[in-house]
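In case you want the letters, here they are:
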Amino acid sequence: MQKIKSLMARQGLKSPQESMADLSPVENLRIPSKEELRELRELPIDPQAEQEIIDSIEEVYFSSDSFDMVQHELEKLPPELNLQELEEYRDTLKKQQDAVSKKVADLILEKQPAYVKELERVTALQTNLQLAAVICTNARRQLRVSKEGFTEASLGLLANQRRRQLLTGLLKSLRTIKTLTLNELSALLTQEEDYPGAIQLCLECQKAASTFKHYSCIRYSNNRWILWFNWVQWEKEQLDVALSKTCKHFDILHYTKVQLAYSLLDKTQTAMDQLHMHFTQAIHNTVFQVVLGYVELCAGNADTKFQKMQYKDLCTHITPDSYIPCLMDLCKALWEVMLSYYRTMQWHEEHDKQDASPTPDEAAASDEVMVDRSYVKKKLEHGLTRIWQDVQLKVKSYILGTDMSNFKYDDFIVVLDVISRLMQVGEEFCGSKSEVLQESVKRQSVNYFKNYHRARLEELRMFLENETWELCPVKSNFNIAQLHEFKFMGQCHSPSISPSRQSASSSVPLQEERSLFQQFLQDGNPFEMHIEHKEEETEDVLASNGYESDEMEKSVYQDYDSDSDVPDELKQDYIDEQTGDAPQNRVSKESQRGKKKSDYNLSKANAPILTNTTLNVIRLVGKYMQMMNILKPIAFDVIHCVSQLFDYYLYAVYTFFGRNDMYESSGLGLISSRLRTTLNRIQENLIDMDSLGENSGVHGSAEDRKEKVPSPHLSQLVVLTNSGTLYGLAQRVVATESLVFLAEQFESLQSHLDTVMPAAKKPFLQQFYSQTVSTAGELRKPIYWIVAAKAIDYEQMLLLMAGVKWDIKEIMSQHNVYVDVLLKEFEQFNKRLSDVSKQVRIPLPVSNVLWEHCIRLANRTLVEGYSNVKKCSNEGRALMQLDFQQFLMKLEKLTDLRPIPDKEFVETYIKAYYLTENDMEQFIKNHREYSMKQLANLVNVCLGSHINKKARQKLLAAIDDIDRPKR
């Protein structure tokens, strides 16, 4: 095969395809003649065989016109040629060619009529074209004549006019192109900061460049326009920087320009996204820079390691001295950021109202504008919570970064006030309850308050142990609302405020109705105002020497001394001569009855009786309430600690002045079961008995002891054994009445405490008031009982009564000597009571309690003396009644106390002598207030007069039955 190909190449033979290509187009496309077609058709062949031959042709022959059949057949030749096989294959190809030729011939003959018909149409078309050429020639000749005649001149004028219009438009375009310079754009951005104007100019230049791009001056200045587009990108960056400036200091004009510029760029939503990102960044940068400044200032060196710290770690380097100033500056800076956001929202709200009714030209774009407005509104509303959350987290890190357990109270209250004001800002900003801030402040407050309360209890113990129980001089209108610590409750709660001041203070809530953002919208800062308000607070509660004025003090003492040395009989006559019209120079606010000698009120304008320790406790309660008012979540813990302050004060007063086992066992019920329960509860829960060295290790673990305080000890300067001072009566009055005054102040605070106490813990508060505060007045009985028991020599009276002969036979008209001695004791007691009242005002309830105790003890001593009688006649009983009536008559001149205590106790016992056997038995069963000894003596004395021995045994057995359950 390779040999044949090389032979054909040397002889220059061409393939059949190449030979066909060398023919002329006419020869190549020659149509077979009719004779040839007829010969082809006359070739005898079976149609089916012919179709089979055509089907046997390879598909590749029908693939494309560029198919090289010769090359194809040569490539099919085997390497070893066989002449016979080649000839057979050639015959096969020839048959295939003949079959195809015959098929083509049949198809041509079949289309011959259509060909003839089409040829006739071509001939007719040629004839028509020749006629059209003649017509066109004539038309051109006629047009040439018309042009030469009249059209040329008229159309020339129109052409010139059209050319003029084109040149005018060209001149306008050239003038517009001339304005496309960068100088004005640069001036708008750098000098005037007119971002909307620069954007508008840039857009107009872009539009003009696009309109006139067909001019070569525009097309060849492509580099200049690329620079222009880069300038636009730079302008967008400048816009972003300008937008970020509004986060710290909002300026309406500046923000209006920036928003207008973004709207021209159709980037309103993008601007809002960027704005929130800038606010978040502004919060972080602001707090970091404020804290970093204080940390570097306190460090005192230029160490740059602080700048690389995280904000949370940086907060741990704040010193206690710089903590509050840094917190104030931090809140001020965050306030500026939140105020900028608030004013941003205001701007958009006002802008939306102004653009609420669009013009007809703007109606087409109103849908897109509404979408932008809706997006901006939602974004701003959601941003409120997000920004406040960022503020809370930053302030939380600052709060928890320092241990405030050792802060001074005033400093800690300032911190709480600042955080409270910040939480108020948050509530007005987005309606948040500031749970993050509350939790962080609660953690610090619980830690601080636990240590603070422990220190205050120890401090209170120290005060009590060093207290001499001297009167602290305060004004007569003193009220806790006048103290610094209670200013937060509002002056309108104080009854001592004048109506004018009340009306002035009543206007404060009207001003407070305005939110902080409204008050400080244009100028000022809520945190600066807070500090100034603290500095303006003053108080004036102390009086000069306990009196409102020196004149009143002089008047009081002159009035009291005027009758202090007058005998009782003359005093009585003087009182009897009074018709109820009190002398004008007497200083007293009591009634006519209150002006008698039993009222030892010096009328120091009824100034409250309290000590320095009492005042300190009241101040401490005010401080606790301040903290509780700010920190509602720990209100119960604070109130519990407040109750411990009162408990410890009450327990100290009782321990110092009221504890005496001998007198407590008198059986007179001096200490009620409620008071006893309260004292036991205080001793068990609050008093550390281990510190006394008793039962060490029994009362609880060391952890429990941390919550307790050692029992206080009375100062050695307080002497309670001197009879001349009525056994420290002045100190006892100051101590007891200061406790009563403290209880009254607690009562006035109950409603306020109830409002802040959680609902689940209110039973504790109610129990504290009902079982502890209300028992303060009950301490008067055991404390003043000790004075009454020692002030009068009851033992001497018993001895004198023992020397009286009661089995007399005649009725006596003169009372016994012991009555005069007893009355003399009461007169001395009255005088000493008057002397004590010069040191401290003795309120009427105290005077009544003292007289009640003394009279009760005297009457019981009388009964005890009568029960010691071995023999007594009816005349002796009459003498007893005479003695007792004389005693009552003289006693009523010394005291205003009515009725006389235990009067019936003595009279009933004396009259029981006359009872029959049956009545005596009933008397014994009904009158168990008498001792067994007294009842037994009554029976023994009656023996022989109207009771026989048998009845005596019966009555003694009844007495024994009564006494048996007590054993």
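What counts as what
Residues numbered from 1 in each chain as written. Predicted model: local features only at pLDDT ≥ 70, side-chain atom pairs only at ≥ 80, totals over all residues. Heavy atoms only, no water. Helix = DSSP H or I, 4+ residues; strand = E, 2+ residues; numbered from the N terminus. Buried < 20%, exposed > 50% of the residue type's maximum accessible area, 1.4 Å probe, protein only. Areas by Shrake-Rupley, 256 points an atom, 1.4 Å probe, with all protein chains shown as cover. Salt bridge = Lys/Arg side-chain N within 4 Å of Asp/Glu carboxyl O. Core = buried A, V, L, I, M, F, W, Y, C linked by side-chain atoms within 4.5 Å. Contact = heavy atoms within 4.5 Å. Disulfide = S-S within 2.5 Å. Axes fitted to C-alpha atoms, helices over the stretch in contact; angles between N-to-C directions. Parallel < 35°, antiparallel > 145°, perpendicular 65-115°, else oblique. Phe/Tyr/Trp six-rings, centres within 6.5 Å; stacked < 30°, edge-to-face > 60°. Lys NZ or Arg CZ within 6 Å of the ring centre and 35° of its normal. 1 Å grid on protein atoms, 1.4 Å probe; cavity = no way out; pocket = protein on both sides within 12 Å on 5 of 7 lines; lining within 4 Å. Points joined across faces, edges and corners; volume = space filled by probe spheres on them. Nonpolar A, V, L, I, M, F, W, Y, C, P; charged D, E, K, R; others polar. Left-handed = near helix turned anticlockwise from the far one by under 90°. Polar contact = N/O pair within 3.5 Å; in protein donor to acceptor, adjacent residues only side chain to side chain. Arc of directions from axis to C-beta.

A closer look at the overall build of the chain
Within the chain, the regular secondary structure consists of 41 helices and two strands. Taken over 967 residues, the chain has a buried fraction of 41%. For the chain, the accessible area works out to roughly 54,100 Å², and carbon and sulfur atoms hold 52% of it.

Overview of the pattern of salt bridges
It is possible for side chains of opposite charge to pair when their charged atoms get near one another. Taken as a whole, this structure holds 23 salt bridges when the rule is applied. Put simply, Glu465 and Arg461 hold a salt bridge, and the shortest N to O gap is 3.3 Å. A residue pair is termed a helical-turn pair when its members lie 3 or 4 positions apart in one helix, as Glu465 and Arg461 do in helix H19 (residues 435-466) at four residues. Arg860 is the salt-bridge partner of Asp902, the closest N and O atoms lying 3.2 Å from each other. With Asp902 in the loop between helix H37 (874-894) and helix H38 (903-911) and Arg860 in helix H36 (residues 844-867), this pair connects stretches of sequence that are 42 residues apart. With a relative accessible area of 24%, Arg860 lands in the partly exposed category. Three or more residues are tied together by salt bridges with common partners; here these are Arg454, Glu458, Arg461 and Glu465.

Focus: the nonpolar core
With 218 residues, the main nonpolar core has Phe826 and Phe887 as its most contacted residues. Here Phe826 is in contact with Ile792, Trp851, Cys854, Ile855, Ala858, Phe887, Leu891 and Leu894, once residues within four sequence places are set aside.

Topic: the state of the cysteines
Summed over all chains, the structure comprises zero disulfides. Cys326 provides the cysteine sulfur closest to Cys315, a residue in no disulfide bond, and the two sulfurs are 7.5 Å apart. The thiol of Cys331 is unpaired, and the distance to the nearest cysteine sulfur, on Cys326, comes to 9.5 Å. Residue classification places Cys331 among the buried positions, given a relative accessible area of 1%.

A few points about the packing of helix H31 (residues 729-756) against helix H33 (residues 780-791)
Interaxial distance between H31 and H33 falls to 11 Å at its minimum, and their mutual angle equals 175°. Between H31 and H33, the interaxial angle falls into the category roughly antiparallel. Of the residues in H33, those touching H31 at Leu729, Arg732, Val733, Thr736, Glu737 and Val740 are Arg780, Ile783, Tyr784, Ile786 and Val787.

So, the packing of aromatic side chains
This model, assessed by the stated rule, comprises 36 aromatic pairs. Between Phe279 and Tyr341, the aromatic rings sit 5.0 Å apart at their centres with planes inclined by 75°, giving edge-to-face as the arrangement. Of the two residues, Phe279 is situated in helix H14 (residues 268-299) and Tyr341 in helix H16 (residues 320-354); the sequence distance between them amounts to 62 residues. You can call Phe279 buried: its relative accessible area is 0%. Put simply, the rings of Phe279, Trp335, Tyr341, Tyr342, Phe429, Phe517 and Phe520 pair up and form one aromatic cluster. Just above the ring of Phe636 sits the side chain of Lys761; from NZ or CZ to the centre is 4.6 Å.

Topic: empty space enclosed by the protein
Tallied over the full model, the rule gives two cavities of 30 Å³ or more. The wall of the second largest cavity is formed by Phe486, Ile618, Val621, Leu742, Gln745, Phe746 and Leu749. Only helix H26 (612-630) and H31 provide two or more residues apiece to the lining of the second largest cavity. Of all the elements, H31 adds the most residues to the lining of the second largest cavity, at four residues. Its residues placed into classes, the lining of the second largest cavity shows six nonpolar, one polar and no charged.

A look at the environment of Tyr654
Structurally, the position occupied by Tyr654 is in helix H27 (residues 635-658). Owing to a relative accessible area of 3%, Tyr654 belongs among the buried residues under this scheme. Along the backbone, Tyr654 and Pro782 are 128 residues apart, and their C-alpha atoms lie at a distance of 8.4 Å.

Comments concerning the packing of helix H35 (residues 817-837) against H37
Across the interface, H35 lies against H37 with an axial gap of 10 Å and an inter-helix angle of 15°. The angle between H35 and H37 places the two elements in the roughly parallel class. Where H35 crosses over H37, the two elements pack in a sense that is right-handed. Contacts between H35 and H37 pair Tyr818, Val819, Leu822, Leu823, Phe826, Glu827 and Asn830 from the former with Asp883, Gln886, Phe887, Lys890, Leu891 and Leu894 from the latter. In the contact of H35 with H37, the residues fall into eight nonpolar, two polar and three charged.

A look at the side chain of Ser405
Relative to the helices and strands, Ser405 is located in the loop between helix H17 (366-400) and helix H18 (409-430). Side chain to side chain, Ser405 and Asp403 meet in a polar contact 3.1 Å long. Once residues within four sequence positions are removed from consideration, Ser405 is found in contact with Asn447, Tyr448 and Asn451.

Some words on helix H39 (residues 917-926)
For H39, the complete set of buried residues consists of Met920, Glu921, Phe923 and Ile924. For H39, the buried positions fall inside an angular range of 160° around the axis, keeping them on one side. Along H39, the residues that are exposed and aim more than 90 degrees away from the buried face are Asn918 and Asn926.

As for the environment of Leu800
Looking at where Leu800 falls in the secondary structure, it is placed in helix H34 (residues 794-802). Given the relative accessible area of 32%, Leu800 is considered partly exposed. Considering only alpha carbons, one finds Leu800 and Val821, 21 residues apart in sequence, at a separation of 9.0 Å. The residues contacting Leu800, other than those within four sequence positions of it, are Tyr818 and Val821.

Remember, this is a structural readout, not a statement about activity or role.
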